Amino acid sequence: MDSTGTAPDLVVVGSANADIVVRVERLPEPGETVRGSEARIHPGGKGANQAAAAARLGARVVLLARVGEDAHGALLLGAQRAAGVDTSRVLTGGAPTGVALITVGPDGDNTIVVSPGANARLSVADVRAGAALLAAAPVVSLQLEIALESVVEVVRTVGAATRVVFNPSPFPSPFAPLPAELLTACDPLVVNEHEARLVLGGSAGARRAPEESARALLALGARSVVVTLGAHGAVVADARGSARLAAPRVEAVDSTGAGDAFTGALAWRLGAGDDLATAARFAVRVGAATVTRHGAQSSYPTPEELAALRPAADSDE
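Here's a quick rundown of the structure. Keep in mind the model is a prediction, meaning the values are calculated, not measured.

Within the protein one finds 11 helices and 14 strands. Relative to the compact-globule value of 20 Å for 317 residues, the protein shows a C-alpha radius of gyration of 18 Å, a close match. In terms of its C-alpha atoms, the protein occupies a principal-axis envelope of roughly 50 × 50 × 45 Å. When contacts within the protein are restricted to residue pairs at least 6 apart in sequence, long-range pairs at least 24 apart make up 68% of them. Summed over its atoms, the accessible surface of the protein is roughly 13300 Å², and 52% of this surface lies on carbon and sulfur atoms.

Right under this line is the structure:
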């Protein structure tokens, strides 16, 4: 139950970071220094982003996270509450608030380095303390900006009817496979093409068609799979088959947080009863709307702002 005693639509367990964003004329090469814009601080973190995106769309969302007792933590809590997220389960203290250093190029692409801070202190004990909330949730969304053991504890704690949406980002190591009990709980596993290759045990340069990747991820044990393709939409797959979903054409200015907006929207719509393709089609529109504005949470659309975007024709397999 949330702070009002009502069952939430979605529980997000994950990170909350202060995003320090610098815009550059081009992303630097290794060892290169480039001049950037004035640094700006925005509320972010994959967990907080997903929660804010779903709440701005109208979902009742509870965030289970940890921030520091500092100015960045206050910024993040204020932003979550402004978006409509229930922050009664956000813990404070233990370390400074996590920080993400983000460089954004002229085409909206970015590079991100995360210093976990308090996110790394969201412990197994913290997850167990939220057992009643997790057991009652229709959907729980997870990422990997918190400790892997805490993520695994969540899938051990959720209710029998709870649907787990999992984005394995940032991936822990190209050489460390994800625990089988985590993969088999995913419904869906949400990955971009790079993450799909890492989950499958390949190198970052080993490419295959997204539909092929989705089928291979199903074979690893995921109950369903979504492979996000940025401006090209997404591929969804489950035991019944796969489909490629097109994205609206938009002018991208900043892709920061777009994947999190997609995942938050997807998780909410799955909990509301949409099938996988319908939920992902909606989430593609949310992701497209997000890249048209700067920042992460500040760019997330309301239902009214989303209404003008329509996807192109999809293809089924």
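Moving on from the model shown.
This next bit is on unusual backbone geometry. Going from S169 to P170, the amide bond is cis rather than trans, its omega being -5°. Its place among the elements puts P170 in the loop between β9 (163-166) and α6 (180-183). For the bond running from D187 to P188, omega is 15°, close enough to zero to count as cis. Here P188 lies in strand β10 (residues 186-192).

In this description, a pair of aromatic rings is defined by centroid distance and the angle of the planes. Taken as a whole and assessed by the stated rule, the structure comprises 1 aromatic pair. On the numbers, 6.1 Å between centres and 70° between planes, the contact of W268 with F282 is edge-to-face. In this pair, W268 sits in helix α9 (residues 258-271) while F282 sits in helix α10 (residues 276-290), placing the two residues 14 residues apart along the sequence. Looking at W268, the relative accessible area reads 12%, which means it is buried.

This next bit is on the nonpolar core. With 47 residues, the main nonpolar core has V61, L63, V226, F262 and L266 as its most contacted residues. Elements with a minimum of two residues in this core: β1 (10-13), α1 (46-56), β4 (61-67), α2 (71-83), β12 (234-238), β13 (241-245), α9 and α10. Here the element with the most residues in this core is α10; it accounts for 8 residues. Counting residues in hydrophobic clusters, the runner-up holds 38 residues, among them V127, L178, L189 and L217.

What counts, and at which threshold
- Residues numbered from 1 in each chain as written.
- Predicted model: local features only at pLDDT ≥ 70, side-chain atom pairs only at ≥ 80, totals over all residues.
- Heavy atoms only, no water.
- Helix = DSSP H or I, 4+ residues; strand = E, 2+ residues; numbered from the N terminus.
- Rg over C-alpha atoms; globule rule 2.2 N^0.38 Å.
- Contact = heavy atoms within 4.5 Å.
- Areas by Shrake-Rupley, 256 points an atom, 1.4 Å probe, with all protein chains shown as cover.
- Phe/Tyr/Trp six-rings, centres within 6.5 Å; stacked < 30°, edge-to-face > 60°.
- Buried < 20%, exposed > 50% of the residue type's maximum accessible area, 1.4 Å probe, protein only.
- Core = buried A, V, L, I, M, F, W, Y, C linked by side-chain atoms within 4.5 Å.

So, to be careful, I would describe these as geometric facts and stop short of saying anything about function.
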